[in-house]
Amino acid sequence: MERDQLRGMVRDLLLARRFEERAGQAYSEGEFGGFLHLYPGEEAVAVGVLHAAEPSDYVVSTYREHVHALVKGVPPGRVMAELYGRRDGCSGGMGGSMHLFDRERRFMGGYAIVGETFPVAIGIAYGIVMRKLSEAVICFFGEGAANQGTFHESLNMAALWRLPVLFVCENNRYQIGTEVHRQSALPEIHKRACAYGMPGENADGMDVLAVHEVAQRMLRGIRAGQGPQLLELNTYRFRGHSMADAGAYRSRAEVESYKRTGPLQRVEQDLVAPVDRLTGSSIALDQTTMQQLRDEVEQIVEAAVAFAEASPAPALSDAWDALDANRRHETLVRPEPRHG
Amino acid sequence: MAEKLAYWQALNYALDAEMAGDDSVFVLGEDVGLYGGAYRVTEGLYAKYGEWRVRDTPISENSFTGLGVGAAMIGLRPVVEIMTTNFSLLALDAIINMAAKIPFMSGGQFGMPLVVRMPGGVAKSLAAQHSQRLEHTLMNVPGLRIAVPATPQDAYWQLRQAIASDDCIVLLEHELLYGEKGEVDLQAASPPMHQAVVRRTGRDLTIVAYSRMANLAQEAADVLAGEGLDAEVIDLRSLQPIDWDLCEKSLRKTRHLLIVEEDCRFAGAGAEIAATLTERCFDVLAAAPLRLGGLGLPTPFNAALEAVSIPQVDDIVEAARQLSRSPRGT
């Protein structure tokens, strides 16, 4: 671990927290509607894993994916504009909060049907193998998704054909309001990997350095052709499942106890104790640096909001263009009247 | 140039031609490889192209169809074979929620050069779980295009066009057509994938049909000709989009519309065809459009009952007679 690398991760932790809080504020003020699933509490997962990824790696994510997109490099303004449903959003205003896409940055989508990330990930990985490349696919999912058929179907195929996928379980313990012990016979999701002859590990998903270290090691093996692996990261979401969630299913004391040892708190209190790889001395960030980073992300997030607010709404013709984008070279019938 | 091929062979030739021409084309599904395909469509391809391009899958319809979606997103051209239409119910999340929506939800960033082939229809005493038609469901999904080849030539053309397309194409094949033979010209230029065709010209009524029912409609038209009733037969070849212009042109001539579908009549493809053509041609119609379709029953196993549950040639003939006798039918 080097100081610049740590600084980058801490910056992204702060950006993730501030972006989501600001998005929640805009939502509450009625700037946009729909479902909004926020990430506070889980930041170390996206930041630790994606700082271990290469730009050439693909990311497939769920409906709680704003931060995965941001850390993968999708510009914050384009993400915020998508939440606002605007034309300059990363999906042109056609996808919204749950369906962020950025082809250029290999952000392969947010999927809002639980369990869809698995088949998409193995399909991309299948293509990588066909093309004999040393790229990897990072497939995020929640612990609730591990009970969908696609989890079992896709992990089986991934292992059978040794596809380069890192399956990352964000175990925040709750599928909306149902706690993991009430939904899973085997709540330790990483243990399920052995059913497919696949290595599975878990790590503290609140410790960004621990996440980064294990993800880096696993991705190295995956890129070397060792086949897929499953990483379970134990985390917690501080807010409701979505903005509509009153949170009656868990106690305030439980939420507060997790907040006291959240991913940002650990960095701020030097609990993660980063050391320089060569010298072994502490590289914890001082208060001045932390304040600089806070100021920096504040500016980035406010600029993102300004960008979103300035972006026009898409027109109906933009919707038809999105649908027709891939058929421009084809004659469908005879020159046809549009969408009869 | 033309040679006589069975429908399954024509599909096999189309796959072979596209796979030979483009390394990004690959086939996957249950028993498509070593076994050669439940209806022989992939016969010989495993030996020729190897297991990565002709992939035998586990019985995991939703995930192997979704695998096709992911592969298509990075520019490969997967051809997914779902062993029968009935099993596609397990893959509808991949088809409807993913393949049909990703290009749109991404604002047009991603193409979906995915082909999903599925044999379906009523065959021979396969019982209710293996005799379904699902076009009504798929037609109602924006983002999907549906080709329904009725002849070996169209099977060859439309599969090749489907593989070349950057959109998701569902190819609905009929299980009773695989063994049917017809002339296939491998060199001839193809019409657009979704263009309908007039199989027989006539002046007294228009029969609109698709897939196997288009062939039955032609047989019926021959019988009707002996009775002095001159039927025009349109094979739609595609259910999404539908070539309305060709249908309208025919109706403005014949003023009588008979629609024949194998799917259950209630809320089936025929309902859409009747409604749209009535909207477009109400001013010239001499009678209300008549729909002939499957009964609202799960398909019975008993062969005689199975036969009466879907339109037969005699039923089409009788419906045409009835339509021509209708009060406003002059």
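Just so you know, the residues in each chain are numbered from 1, in the order the chain's sequence is written. Lettering of chains starts at A and numbering of ligands starts at 1, both following the order in which they are written. It should be noted that, the model being predicted, local features are given only for residues of pLDDT at least 70 and side-chain atom pairs only at 80 or more, the latter also being counted only at that level, while totals for whole chains, interfaces and linings use all residues.

Caption draft 1: Just the overall build of chain A, in detail. Secondary structure elements follow DSSP: runs of H or I no shorter than four residues count as helices, runs of E no shorter than two count as strands, and numbering proceeds from the N terminus. Check the secondary structure of chain A and you find eleven helices and eight strands. What the globule rule says is 2.2 Å times the number of residues to the power 0.38, and the radius of gyration is computed from C-alpha atoms. Whereas a compact globule of 340 residues would reach a radius of gyration of roughly 20 Å, chain A reaches 20 Å, a difference of no more than 12%. Considered along the principal axes of its C-alpha atoms, chain A spans approximately 70 × 50 × 45 Å. With C-beta atoms placed from the backbone, the exposure class of a residue follows from how many other C-beta atoms lie within 10 Å of its own: 20 or more, buried; 12 or fewer, exposed; in between, partly exposed. With 340 residues in all, chain A has 51% of them scored as buried. By definition, residue pairs are in contact when their C-beta atoms, positioned from the backbone, come within 7 Å. In chain A, once contacts between residues fewer than 6 apart in sequence are set aside, the share between residues at least 24 apart is 73%.

Caption draft 2: Spotlight on the overall build of chain B. Scanning chain B from N- to C-terminus turns up twelve helices and 14 strands. The globule rule puts the C-alpha radius of gyration for 330 residues at 20 Å, and the 20 Å found for chain B is close to it. Once the C-alpha set of chain B is aligned to its principal axes, its extents read approximately 60 × 45 × 45 Å. Looking at chain B as a whole, 58% of its 330 residues are labelled buried. Excluding contacts between residues fewer than 6 apart, the proportion of contacts in chain B whose partners are at least 24 apart in sequence is 79%.

Caption draft 3: Inspection of the confidence of the model for chain B at higher detail. Confidence in the prediction for chain B averages 96 pLDDT; 99% of positions are at 70 or higher. For this predicted complex, the interface confidence score (ipTM) comes to 0.96, while the overall pTM stands at 0.96. Residue-level confidence of the predictor is summarised by pLDDT, bounded by 0 at the bottom and 100 at the top.

Caption draft 4: Quick look at the interface of chain A and chain B. At the interface, 40 residues of chain A touch 42 residues of chain B. For the side of chain A that touches chain B, the elements supplying multiple residues, two or more each, are strand E2 (107-110), helix H5 (117-130), helix H6 (149-160) and helix H11 (316-324) of chain A. Counting residues per element, the side of chain A that touches chain B draws most heavily on H5 of chain A, at ten residues. Here the residues of the side of chain A that touches chain B are counted per class, giving 18 nonpolar, 14 polar and eight charged. Throughout this entry, Asp, Glu, Lys and Arg are counted as charged residues, while Ala, Val, Leu, Ile, Met, Phe, Trp, Tyr, Cys and Pro are counted as nonpolar. The remaining residues, Gly among them, count as polar.

Caption draft 5: The nonpolar core, seen in detail. Ranked by size, the top nonpolar core spans 200 residues in total, and within it Ile124, Cys139, Leu166 and Leu231 of chain A together with Ile207, Ala217 and Ala320 of chain B carry the most contacts. Counting residues per element, this core draws most heavily on helix H1 (residues 3-28) of chain A, which supplies ten residues. Taken domain by domain, this core gets at least three of its residues from each of domain 1 (3-184) and domain 2 (197-324) of chain B. Setting aside chain neighbours within four positions, we find Ile124 of chain A in contact with Tyr58, Met108 and Val137 of chain A together with Gly70, Ala71, Met73 and Ile74 of chain B. Residues enter a nonpolar core if they are buried, belong to Ala, Val, Leu, Ile, Met, Phe, Trp, Tyr or Cys, and are joined to the set through C-beta atoms within 7 Å. These domain limits were set by an automatic method or by a database of domain assignments.

Caption draft 6: The arrangement of the domain arrangement of chain B in detail. All names here are of chain B. The domains assigned to chain B are domain 1 (3-184) and domain 2 (197-324). Once you take the C-alpha centre of each, domain 1 and domain 2 turn out to be 26 Å apart. Taken together, the 22 residues of domain 1 in the interface contact 23 residues of domain 2. Those elements that provide at least two residues to the side of domain 1 that touches domain 2 are helix H6 (135-139), strand E6 (145-147) and strand E7 (169-174). Its residues assigned to classes, the side of domain 1 that touches domain 2 comprises 13 nonpolar, five polar and four charged.

Caption draft 7: Molecular detail of the packing of H5 of chain A against helix H3 (residues 61-73) of chain B. Direction vectors running N to C along H5 of chain A and H3 of chain B enclose 55 degrees, while the axes themselves pass 6 Å from each other. Between H5 of chain A and H3 of chain B, the angle is such that the two are oblique. Crossing of H5 of chain A over H3 of chain B shows right-handed handedness. Between H5 of chain A and H3 of chain B, the residues in contact are Phe118, Pro119, Val120, Ala121, Ile122, Gly123, Ile124, Tyr126 and Gly127 of chain A and Asn62, Ser63, Gly66, Leu67, Gly68, Val69, Gly70, Ala71 and Met73 of chain B, respectively. Axis lines are fitted through C-alpha atoms, for helices just across the contact stretch, and the angle between N-to-C directions can take any value from 0 to 180 degrees. Put simply, angles under 35 degrees are roughly parallel, angles over 145 are roughly antiparallel, angles from 65 to 115 are roughly perpendicular, and the rest are oblique. A clockwise turn of the near helix away from the far one marks a right-handed crossing, whereas an anticlockwise turn of less than a right angle marks a left-handed crossing.

Caption draft 8: Focus on the pairing of strand E2 (residues 25-29) of chain B. All names here are of chain B. The buried fraction of E2 is high, at five of five residues. At least two DSSP bridges between two strands are required for those strands to pair. Where E2 meets strand E4 (residues 77-81), five bridges bridge the pair, whose relative direction is parallel. Across the sheet, residue Val25 finds its bridge partner in E4, namely Arg77. With three bridges connecting them, E2 and strand E3 (residues 54-56) associate as parallel partners. Looking at E3, one finds that Val27 is bridged to Val54.

Caption draft 9: Layout of the sheet that holds E3 of chain B. Residue and element names in this part refer to chain B. Within the open sheet, the seven strands sit side by side as E3-E2-E4-E5-E7-E6-E12. Their pairing is mixed. The open sheet terminates on both sides in strands that have one partner only, identified here as E3 and strand E12 (238-240). In this sheet, neighbouring strand axes are inclined to one another by 20 degrees on average, regardless of whether the strands run parallel or antiparallel. In this sheet, strand E5 (residues 115-120) lies alongside E4 in parallel orientation, the contact comprising three bridges. The partner of Glu81 across the bridge, within E5, is Arg117.

Caption draft 10: Layout of the sheet that holds strand E8 (residues 229-234) of chain A. All names here are of chain A. Read from one edge of the open sheet, six strands run E2-E1-E3-E4-E8-E7, paired in parallel fashion. Among the strands making up the open sheet, the edge pair consists of E2 and strand E7 (200-204). Each strand axis lies, on average, 15 degrees off the axis of its neighbour in the sheet, ignoring direction. Pairing of E7 with E8, which is carried by five bridges, proceeds in the parallel orientation. Along E8, the bridge assignment pairs Asp204 with Asn234.

Caption draft 11: Examining helix H7 (residues 208-223) of chain A more closely. All names here are of chain A. Its 16 residues place the ends of H7 22 Å apart at the C-alpha level, agreeing with the 22 Å of an ideal helix rising 1.5 Å per residue. Within the span of H7, buried status applies to Val208, Leu209, Val211, His212, Val214, Ala215, Met218, Leu219 and Ile222. Those residues of H7 that are buried lie in contact with H1, helix H2 (43-50), strand E4 (165-171), E7, E8 and helix H9 (263-268). Under the convention used throughout, the expected extent of a helix is 1.5 Å for every residue step, that is, one less than its residue count.

Caption draft 12: Quick peek at helix H1 (residues 7-21) of chain B. Taking 1.5 Å per residue as the helical rise, H1 of chain B with its 15 residues ought to reach 21 Å, and the 21 Å between its terminal C-alpha atoms agrees with that figure. Here H1 of chain B has its buried residues at Tyr7, Trp8, Gln9, Ala10, Leu11, Asn12, Ala14, Leu15, Glu18 and Met19 of chain B.

Caption draft 13: Expanded view of the environment of Gly33 of chain A. All names here are of chain A. Tracing the backbone through its elements, the reader meets Gly33 in the loop between H1 and H2. The exposure class of Gly33 is exposed, given the 11 C-beta atoms found within 10 Å. Separated by 112 residues in the primary sequence, Gly33 and Ala145 have C-alpha atoms spaced 25 Å apart.

Caption draft 14: Representation of the packing of H1 of chain B against helix H7 (residues 152-164) of chain B within the structure. All names here are of chain B. Where H1 meets H7, the axes come as close as 8 Å, and the angle between the chain directions of the two elements is 30 degrees. As far as their axial angle goes, H7 and H1 are roughly parallel. At the point where H1 passes H7, the crossing takes the right-handed sense. Between H1 and H7, the residues in contact are Tyr7, Ala10, Leu11, Tyr13, Ala14, Leu15, Ala17 and Glu18 and Pro152, Gln153, Ala155, Tyr156, Leu159, Arg160 and Ile163, respectively.

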